[in-house]
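# Results of the structural survey
Single-letter residue listing:
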2 protein chains.
Amino acid sequence: MFNDFKVLDEDRPVYIQVKEYLKRMMIKGTLQGNQKLPSTRELGLLLGVSRNTIIAAYAGLEEEGFVYTLQGKGSYVAAVSFSSAASVPSWQTDWSSRINGYARQAVELDRMKRGIRADKKTISFTSIAPDEQLFELDLVRRAFLDRMAIEGNVLLNYGYAKGYRPLIELLMRYMEHKGVDMQGKDMLITSGFTEGLDIVMSALGRKNGGTVLCENPSHHTAIKNFKLNGFEITGIPMEHDGINLEELKQALSERSYDCAYFIPSYHNPTGIVTSPEKRIALMKLMAEYQVPVIEDGFNEELRYSGSHALPLIATAGQGNGVIYIGSFSKVLFPGLRVGWVLADKELISYLESIKRARNIHTSTLDQSVLFQYLHNGHLEKYLKKARSEYKRKYEWTKQCCEKYVPFARLSGDGGLHLFLEFEAGFDTHRLLESCSSQGVIFTPGDMFFTDGGGLNTMRIGFSRVSEEDIGTGLRIIGETAFKQLRG
Amino acid sequence: MFNDFKVLDEDRPVYIQVKEYLKRMMIKGTLQGNQKLPSTRELGLLLGVSRNTIIAAYAGLEEEGFVYTLQGKGSYVAAVSFSSAASVPSWQTDWSSRINGYARQAVELDRMKRGIRADKKTISFTSIAPDEQLFELDLVRRAFLDRMAIEGNVLLNYGYAKGYRPLIELLMRYMEHKGVDMQGKDMLITSGFTEGLDIVMSALGRKNGGTVLCENPSHHTAIKNFKLNGFEITGIPMEHDGINLEELKQALSERSYDCAYFIPSYHNPTGIVTSPEKRIALMKLMAEYQVPVIEDGFNEELRYSGSHALPLIATAGQGNGVIYIGSFSKVLFPGLRVGWVLADKELISYLESIKRARNIHTSTLDQSVLFQYLHNGHLEKYLKKARSEYKRKYEWTKQCCEKYVPFARLSGDGGLHLFLEFEAGFDTHRLLESCSSQGVIFTPGDMFFTDGGGLNTMRIGFSRVSEEDIGTGLRIIGETAFKQLRG
């Protein structure tokens, strides 16, 4: 006994490691209830640590009730030892039979769980996360230290469900500068865009049987979210400058919808920016049919070219029919889970109560670091750098697509990804299989389609791929696709 | 024009403030599409800022598409100005009619929204959040800087739905040291205890019509959560050492339950620690009737007295029927929204997909700061300090209750709160009204009851009240209650 102790971690206090070592012996039953423990000096010698370390370990165990001391006699293992647990029969629950349809569907729709695992050498076009090389760690560190110095205690205790007030005020101003009429509007901070959308969908009534109108293809996480919240989806095809208005009109005339969901800037997955004219036309239709609009602003900040196009919520003026969901996850730091829902005041009040019921509030640390970073004026400079970096990569990826995959139709006006459409009947899953064995992976496009289509499409996320790898990867994709097309 | 510019915030770069000033003029229509802007020198003079500031502001506006430049002629407001929005009719949506029952119920059950607002002079016994005076800001700062130095880039980009791996490993070891058999178990990190419970309840099937068994009274957020997830609640009365086993047996024999929810340590709101013997007896019953158990470990870490009592999940040995939900929010930092669900591996896999669908993952910054803080061995020392501090306050609050409110039955073995029960027919809401006007507030107990009872009870949270205020506050409560009892 006591001959197998090792200091496992140089960074952690040794007395804690001794404590844990002794606890493990109690759990296993090697040390039994009411058994006398060696004296502190003795055990110190046996374990090769100082006597003070053993004293601290025994004191800790006593405080937690694992050990008791008899004056002048020494330390003993507490009587209520772990072995008492043996008297409870350990029964097995068949969880798969206790799980409901929602949980089952969440697993079925969970693409990440069945994604291809990439090793470090794989050229992966699957991500549209920002390039972490661009992160300004020093400025984040500074923002954290600044805020901690101002109100560290406050940041670490409970906050408000609606969000961290300075951040809300800053983001309200920020949205106002995008042209939004803030009269009658309010904001809820969420743990990223996804939570914002999930909370909105969980709150919406289903007067029309639970129906949502969106672009086809569309953001797969949104599609998953609609399904998990019990909504049926009607997808309207995309054109080079946004949704097909004729088809949209047709769909609107055929039935009623509970809401519509649009991604006007660098649409996921097609990369299309809806033109200013189409935004106005789209919103006129929504006003005519009184369909509330959920606007996904996820890529809004990355816009680097062309004239300014207003967010849909800005075109609505004093109307309260648009719910804008924003996030800096594709620009700044996705690890900080912060998004925002800007909408009608009354609606936000409902959403706030749902947020509170679900997880009380979003991390105050995340919110305050983001606030301070923005407040210090770093976003502007960062965006300049990020936009020019991503623009360069976008141009290069586009060139490579045109060179190596000229037989696929290309779309995408910028942002972090491009979209390829092959001739009908082409199978990008088969292409992926073959490319993957050559060390190149991408996202087959069918997961973005609302109607089971898009088997001949794929998304190319370039943000985290080096220029050299972009060239190599697209060459392999092009050559492999060419063979497949001929075969 | 240009005569009302002011630098509003000394901390923010002035060129950004100029940019925002000009944008506001475009939004309001003071600056119209294709209107020529003053030269940079001219505007600098008009606004009283340097020419370089104006150059930077114009460049920023141009990059965002709000301004265009004609070579040799100057800068102009972009043609697609905000006024185009005027062409979209702004329609009003009646959100209250578009909201579903879930959202409505979330508001109805939202106690925080209707809570009494306390000003700074009010003595408030409503909180059971930790005392922020105890927070060790330097150590949190250190943990943050340590982790940022090691892998800052990683922390700021997307992480995994299951959680930050080093934290999971540490918490698995931590739970193992509480006596849990980890074979076949796994862990999901959530944004606090509440999210853990919400995700679990959203996943559980309703074979038995959606029924949950729990202590009565019980944690009001849990009760809210059960209701919002469509479960019916059966509450079993508490005794001084835990749930009433006879009544529990009776309830189990009468119908089947989909799950049970227990708070064995410093039960909310009664403060009772379920005795080791009762834990075993309770778990034997659960095993006999095969009812899955959700164990709320929220106050587990604060236990400072008596012999060690195993968490229920530890008494279950190799059984997989217990879902343990833990959190450090009542000990360490609630602002860091981190909790964990320890349960059967297969179940965790379902919960992981739900977590991903809802908000991708919990803040990596929160998780990594918590990890590093724990890894550096600070928890042990902190707990020692916190336990002794809270114990002192607990003893004092108990004394004050006995002295000033001797006519109420007192319960609570420690933790951050005590519970008072007055004679039947007494109304603590009426008491609150009267005390509140004297600057003292507390939590009436009925919100914790599953059956509409408890109108004669109240919870006294003492963690954030000074010893002097505890005395004054309880004296006022006692005197006011006495008058009310006589009246």
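Residues numbered from 1 in each chain as written. Chains lettered and ligands numbered in written order. Predicted model: local features only at pLDDT ≥ 70, side-chain atom pairs only at ≥ 80, totals over all residues. Heavy atoms only, no water.

## Structural notes on the packing of helix 10 (residues 245-254) of chain A against helix 11 (residues 276-289) of chain A
Residue and element names in this part refer to chain A. Relative to each other, helix 10 and helix 11 sit at 5 degrees, their axes nearing to 11 Å. As far as their axial angle goes, helix 11 and helix 10 are roughly parallel. The segment helix 10 lies against helix 11, with L245, L248, K249, L252 and S253 engaging K278, A281, L282, L285, M286 and Y289. (Axes fitted to C-alpha atoms, helices over the stretch in contact; angles between N-to-C directions. Helix = DSSP H or I, 4+ residues; strand = E, 2+ residues; numbered from the N terminus. Parallel < 35°, antiparallel > 145°, perpendicular 65-115°, else oblique. Contact = heavy atoms within 4.5 Å.)

## Examining the pairing of strand 2 (residues 74-77) of chain B
All names here are of chain B. Judged from the four bridges that link them, strand 1 (residues 67-70) and strand 2 form a sheet pairing that is antiparallel. Its bridge partner being in strand 2, T69 is matched across the sheet by S75. From the end of strand 1 to the start of strand 2, which pair antiparallel, there are three residues, and G72 there has a positive phi angle of about 75 degrees. (Pairing = 2+ DSSP bridges.)

## Remarks on the domain arrangement of chain A
Residue and element names in this part refer to chain A. You can read the domains of chain A as domain 1 (14-87), domain 2 (104-133 + 381-486) and domain 3 (137-376). Between the C-alpha centres of domain 2 and domain 3 there is a distance of 25 Å. Counting residues at the interface gives 27 residues for domain 2 and 34 residues for domain 3. In this assembly, domain 2 packs against domain 3 so that about 2,600 Å² is buried in total across both faces, 63% of it on carbon and sulfur atoms. Of all residues in domain 2, D413, F448 and T450 give up the largest surface area on contact with domain 3, accounting jointly for 23% of the area buried on that side. Scanning the region where domain 2 abuts domain 3 turns up zero salt bridges. Across the contact surface, domain 2 and domain 3 share 12 residue pairs in polar contact (both at pLDDT 80 or more). Elements that contribute at least two residues to the side of domain 2 that touches domain 3 include exactly helix 5 (101-108), helix 15 (378-404) and strand 13 (417-421). Looking at the side of domain 2 that touches domain 3, the element that brings in the most residues is helix 15, giving six residues. Partitioned by chemical class, the residues of the side of domain 2 that touches domain 3 number 14 nonpolar, seven polar and six charged. (Domains from an automatic or database assignment. Buried area = accessible area lost by both parts, 1.4 Å probe. Salt bridge = Lys/Arg side-chain N within 4 Å of Asp/Glu carboxyl O. Polar contact = N/O pair within 3.5 Å; in protein donor to acceptor, adjacent residues only side chain to side chain. Nonpolar A, V, L, I, M, F, W, Y, C, P; charged D, E, K, R; others polar.)

## Some words on the interface of chain B and chain A
Opposite the 131 residues of chain B that make contact, chain A presents 131 residues. Summed over both partners, the interface of chain B with chain A comes to about 12,100 Å²; 58% of that surface belongs to carbon and sulfur atoms. Sorting the residues of chain B by area buried against chain A places W91, W95 and H177 of chain B first, and these three jointly supply 8% of that buried surface. Run the count over chain B and chain A and you get 12 salt bridges. Grouping the amino acids of the side of chain B that touches chain A by side-chain chemistry returns 54 nonpolar, 40 polar and 37 charged.

## Brief notes about the pattern of salt bridges
A pair can form between side chains of opposite charge whenever their charged atoms are brought close. What the rule picks out here adds up to 52 salt bridges over all chains. With a closest N to O distance of 2.4 Å, R392 of chain A and E467 of chain A form a salt bridge. With R392 of chain A in helix 15 and E467 of chain A in helix 17 (residues 467-486), this residue pair connects regions lying 75 residues apart in the sequence. Between R142 of chain B and D146 of chain B there is a salt bridge, with the nearest N and O atoms lying 2.8 Å from each other. In this pair, R142 of chain B and D146 of chain B are both assigned in helix 6 (residues 137-156), four residues apart and thus about one turn of the helix distant. Looking at R142 of chain B, the relative accessible area reads 41%, which means it is partly exposed. The network of salt bridges with common partners includes D110 and K113 of chain A together with E352 and R356 of chain B. (Buried < 20%, exposed > 50% of the residue type's maximum accessible area, 1.4 Å probe, protein only.)

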